[in-house]
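Close look at the chain arrangement
Below are the chains, spelled out letter by letter.
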Amino acid sequence: MAAQSKAYEVLYIIKPDLNDGEVSKIADRFKQVVIQHGGTVESADKWDKRRLAYEIKGQKEGIYLLMKFTCPAEVPAELNRLMRISDDVVRHMITSA
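Residues numbered from 1 in each chain as written. Predicted model: local features only at pLDDT ≥ 70, side-chain atom pairs only at ≥ 80, totals over all residues. Heavy atoms only, no water.

What follows is about the environment of Cys71. Looking at where Cys71 falls in the secondary structure, it is placed in strand E3 (residues 59-72). It is 16 Å that separates the C-alpha atoms of Cys71 and Met93, two residues lying 22 residues apart in sequence. When residues no more than four places from it in sequence are discounted, the contact partners of Cys71 are Gln4, Ser5, Lys6, Tyr8, Val34, Gly39 and Pro76. (Helix = DSSP H or I, 4+ residues; strand = E, 2+ residues; numbered from the N terminus. Contact = heavy atoms within 4.5 Å.)

So, in structure tokens, the structure goes:
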């Protein structure tokens, strides 16, 4: 029996001192995690660098990225694990769409 796919969104904030190439590389890495585990990425948008409401991990600003994807239920757990151990990700939140 094939696994049911469900729609998710992940909003994550990365360090503000990264250049566009590094930001794209990070975004592509997380897109590939979804694709390799049998999911599809509907959109991945880079927002602006914004001032954070409060300092997180010594950062006062961050670059916001939003990715919308569809995947089996086990993929968000793996994505969460990888984002938690990434030094470039300041904060992230995965929600069911």
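Having seen the model, we can carry on.
This next bit is on the sheet that holds E3. The strand order across the open sheet built from four strands is E2-E3-E1-E4, with neighbouring strands paired in antiparallel fashion. In this open sheet, the two edge strands, each paired with only one partner strand, are strand E2 (40-56) and strand E4 (89-96). With direction set aside, neighbouring strand axes in the sheet form an average angle of 20 degrees. The pairing of strand E1 (residues 5-14) with E4 spans seven bridges and is antiparallel. Looking at E4, one finds that Tyr8 is bridged to Ser96. The strands that helix H1 (residues 20-36) touches are E1, E2, E3 and E4; relative to E3, the one it contacts most, it runs at about 25 degrees. (Pairing = 2+ DSSP bridges. Axes fitted to C-alpha atoms, helices over the stretch in contact; angles between N-to-C directions.)

Here the focus is H1. Look at H1: 24 Å from first C-alpha to last across 17 residues, which is about the 24 Å you get at 1.5 Å a residue. Check the buried side of H1 and you find it contacts E1, E2, E3, helix H2 (75-85) and E4. With a side-chain oxygen positioned 3.0 Å from the backbone nitrogen of Gly21, the residue opening H1 is Asn19. Two residues or fewer past H1, Gly38 is found with a positive phi of approximately 90 degrees. (Expected span 1.5 Å × (residues − 1). Polar contact = N/O pair within 3.5 Å; in protein donor to acceptor, adjacent residues only side chain to side chain.)

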